[in-house]
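# Structural overview
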Amino acid sequence: MDFKSAKELLELCARENCAISEIMLRRECTEGETSREDAIKRMARALVIMRESAAGPVYSPVRSMGGLIGGAAKKLSGHAGSPGSIAGGVLGRAMVYSLAVLETNASMGLIVAAPTAGSAGVVPGLLLALQDCRSLPDGAVVSALFNAGAVGYLAMRNATVAGAVGGCQAEVGVASAMAASAAVELMGGTPEQCLTAASTALTNMLGLVCDPVGGLVEYPCQNRNAAGAANALVAAEMALSGISQLIPFDEMLDTMYAVGRRIPLELRETALGGCAAAPSACARCGG
Amino acid sequence: MSFISVFDVIGPNMIGPSSSHTAGACVIAFLAHRMIAPPIVRADFTLYGSFAKTYRGHGTDRALLGGIMGFGTDDIRIRDSFDIAKERGIAFSFTPCLTETDVHPNTVDIRMENSAGDTAEVRGESLGGGKVRISRINGVTVDFTGEYSTVIVVQQDTPGVVAHITRVLSDRGVNIAFMRLYRESKGRTAYTIVESDGRFPDGIAEPLLSNPHVRDVMILEP
């Protein structure tokens with residue numbers, strides 16, 4: 001069982017009468033020559049790593065290798081619930097977790113790339129926040145990760161997830177699309193609604209450049225992971241309400257890829273432009 | 001197009017911060033450490049391109065040294081690999097090279113020495129997402145990824161050696177996925193690199209070594 005596009009994926013879901021996660025799991029078994037149990041076990045291990053990488057820095061902040069970030073997750077977590085906090089519930093938690101994963105990553109901790117290390121905070125950020133707030137069982141979140149995997153696979157297959165090729169829209173943008181789709185399935189939405197959410201998420205991040213200060217996966221990467229999780233929440237909520245989108249996910253992937261190829265080299269992970277070239281950033285990195 | 005697994009998307013599980021600069025570097029060095037008899041007592045790394053510019057902030061140096069000691073990309077000991085190498089009595093150095101630009105942006109040359117005084121030099125390129133390519137062994141241009149079970153035969157460039165290799169493999173039921181031959185120059189040292197889908201059967205090295213023109217056999221399992 002295999003699919004090459006979002007259109008084919010939706011056709012399979014309709015034919016087999018099952019969720020996107022189930023189609024992706026069956027695909028892994030047939031095309032990846034593995035058993036259902038092993039695939040689920042491996043994904044459950046990914047969830048454990050995600051949770052640990054999202055929890056650590058909330059309690060004990062760590063300075064990043066490059067020294068540009070560290071402590072943000074703890075600060076945001078302490079701020080949540082205070083009178084001055086304006087982003088509560090799922091959003092607040094998703095932000096904390098997203099920041100935390102990037103802090104773990106930047107301090108040489110263990111993370112799960114999803115789809116890349118630089119965008120590793122988005123998917124666990126939103127899914128773990130939903131799990132906390134809705135008391136969802138681990139099994140449901142593991143399934144949701146297969147859904148996210150299906151969306152990311154289409155991006156890898158038909159576009160790109162490399163910042164050096166397509167900019168940050170290909171990393172955090174795709175991660176946001178993955179998280180949005182997975183969240184919709186987790187909340188009982190249809191496969192169509194999942195990919196509508198993925199399309200919305202990608203649309204909103206179209207054109208985002210990759211401009212890491214000092215060439216390091218730290219700043220503004222960490223902020224953008226929180227933004228990617230928030231954007232996924234916006235996209236998922238809209239899709240769950242029944243709002244449809246003009247542009248199907250396949251076309252949005254083509255669009256993102258075409259835009260990515262037109263982003264100048266300076267703004268594709270080379271640290272020669274964007275935030276990386278701002279005077280204050282150059283001052284911190286000694287050039 | 002090769003198969004994209006769900007774990008290529010939700011994965012790899014890795015020590016951060018970068019799949020190309022950290023995980024990929026670790027994989028290159030891990031492959032390299034299988035190409036010399038243990039124990040390694042010295043490893044010298046020359047870094048090119050983006051590796052040379054950003055290796056400290058990406059922990060590329062720690063990941064390379066970890067790989068030399070056999071650590072996987074998800075091994076938390078990578079963070080402390082400098083201290084662990086010192087404890088194990090492994091000398092190491094890192095030299096950025098910014099003058100040579102005619103290389104892949106994330107390239108490293110690794111020179112290893114073992115306790116017997118043998119040396120080996122390996123060049124690797126980190127291609128992104130933790131994927132890598134070994135592009136040179138002891139000055140000879142090669143090309144393989146380490147994603148498959150790989151056997152590297154070091155031989156003299158003379159008639160009959162390749163036939164010997166394929167006969168040994170076919171006698172033991174090995175299905176060859178890719179096979180390539182590289183050489184220094186005519187009649188000198190040559191490398192036959194065979195990649196297979198499944199693991200090689202145990203004890204495959206001995207019959208390969210039975211040919212007098214075969215000098216060494218290295219087996220890399222993913």
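In this report, the structure presented in the accompanying data block is examined. Source: prediction; values computed, not measured.

A few words now on the nonpolar core. Among the nonpolar cores identified, the biggest contains 132 residues, and Phe249 of chain A together with Met35 and Ile110 of chain B are the most heavily contacted of them. Counting residues per element, this core draws most heavily on helix α9 (residues 168–186) of chain A, at 13 residues. If sequence neighbours within four positions are ignored, phenylalanine 249 of chain A has contacts with Ala6, Val151, Leu154, Ala177, Leu195, Ala198, Ser199 and Leu202 of chain A. Counting residues in hydrophobic clusters, the runner-up holds 14 residues, among them Leu169, Val174, Val194 and Ala205 of chain B.

All names here are of chain A. Across the interface, helix α3 (residues 36–59) lies against helix α4 (residues 72–79) with an axial gap of 7 Å and an inter-helix angle of 75°. Classed by the angle they form, the pair α3 and α4 counts as roughly perpendicular. Only Ala73, Lys74 and Ser77 of α4 make contact with α3, whose side of the interface consists of Pro57, Val58 and Tyr59. Here the contact of α3 with α4 is composed, by residue class, of four nonpolar, one polar and one charged.

This next bit is on the sheet that holds strand β4 (residues 106–114) of chain B. All names here are of chain B. Taking strand neighbours across the sheet as the criterion, the six strands line up as β3-β2-β4-β5-β6-β7 in an open arrangement whose pairing is mixed. Looking at which strands have only one partner, the edges of the open sheet turn out to be β3 (91–97) and β7 (140–144). Here the average twist between neighbouring strands, direction ignored, is 20°. Across seven bridges, strand β2 (residues 40–48) lies against β3 in parallel orientation. Note on β3: the bridge partner recorded for leucine 47 is proline 96. This element, helix α2 (residues 19–33), spans β2, β4, β5 (119–128) and β6 (131–137) of the sheet and lies at about 150° to β5. Where helix α4 (residues 60–68) meets the sheet, it contacts β2, β3 and β4, and its direction lies at approximately 145° from that of β2.

All names here are of chain B. There is about 320 Å³ of room inside the second largest pocket. Along the wall of the second largest pocket there are 17 residues; nearest its centre are Met35, Ile36, Ala37, Asp216 and Met218. Every element with two or more residues in the lining of the second largest pocket is listed here: β5 and β11 (214–220). Tallying contributions element by element places β11 first for the lining of the second largest pocket, with three residues. Considered class by class, the residues forming the lining of the second largest pocket number nine nonpolar, four polar and four charged.

Residues and elements named next belong to chain B. Within the secondary structure layout, aspartate 61 lies in helix α4. Buried and unpaired, aspartate 61 has arginine 62 as its nearest opposite-charge partner, separated by 4.5 Å. Leave out the neighbours within four places in its chain, and aspartate 61 touches Tyr55, Arg56, Phe82 and Phe94.

A word on the state of the cysteines. Within this structure, the stated rule accounts for zero disulfides over all chains. Free cysteine: cysteine 18 of chain A, not disulfide-bonded; nearest cysteine sulfur from cysteine 13 of chain A at 5.7 Å.

Before going further, it helps to examine the sheet that holds strand β10 (residues 189–196) of chain B. Residue and element names in this part refer to chain B. The antiparallel open sheet is built from four strands, whose spatial order is β9-β10-β8-β11. Both edges of this open sheet fall to β9 (176–183) and β11, since each of them pairs with a single strand only. Pairs of neighbouring strands in the sheet enclose a mean axial angle of 15°, with direction left out of account.

Residues and elements named next belong to chain A. On the secondary structure map, alanine 232 appears in helix α11 (residues 221–240). Taking the C-alpha atoms as reference points, alanine 232 and valine 209, 23 residues apart in sequence, are found 18 Å from one another. Those residues within four positions of alanine 232 in sequence are excluded, and the remaining contacts are Leu126, Ser176, Ala179 and Ala180.

This part takes up the pairing of β7 of chain B. Residue and element names in this part refer to chain B. Burial along β7 is one-sided: Val140, Val142 and Phe144 are buried, and none of Thr141 and Asp143, which face the opposite way, are. Pairing between β6 and β7: three bridges, direction antiparallel. Note that in β7 the partner of isoleucine 137 across the bridge is valine 140. Two successive antiparallel strands, β6 and β7, enclose a turn made up of two residues, where asparagine 138 displays a positive phi of approximately 45°.

What counts and what doesn't
- Residues numbered from 1 in each chain as written.
- Chains lettered and ligands numbered in written order.
- Predicted model: local features only at pLDDT ≥ 70, side-chain atom pairs only at ≥ 80, totals over all residues.
- Heavy atoms only, no water.
- Core = buried A, V, L, I, M, F, W, Y, C linked by side-chain atoms within 4.5 Å.
- Buried < 20%, exposed > 50% of the residue type's maximum accessible area, 1.4 Å probe, protein only.
- Helix = DSSP H or I, 4+ residues; strand = E, 2+ residues; numbered from the N terminus.
- Contact = heavy atoms within 4.5 Å.
- Axes fitted to C-alpha atoms, helices over the stretch in contact; angles between N-to-C directions.
- Parallel < 35°, antiparallel > 145°, perpendicular 65-115°, else oblique.
- Nonpolar A, V, L, I, M, F, W, Y, C, P; charged D, E, K, R; others polar.
- Pairing = 2+ DSSP bridges.
- 1 Å grid on protein atoms, 1.4 Å probe; cavity = no way out; pocket = protein on both sides within 12 Å on 5 of 7 lines; lining within 4 Å.
- Points joined across faces, edges and corners; volume = space filled by probe spheres on them.
- Lys, Arg positive; Asp, Glu negative; His and termini not counted.
- Salt bridge = Lys/Arg side-chain N within 4 Å of Asp/Glu carboxyl O.
- Disulfide = S-S within 2.5 Å.

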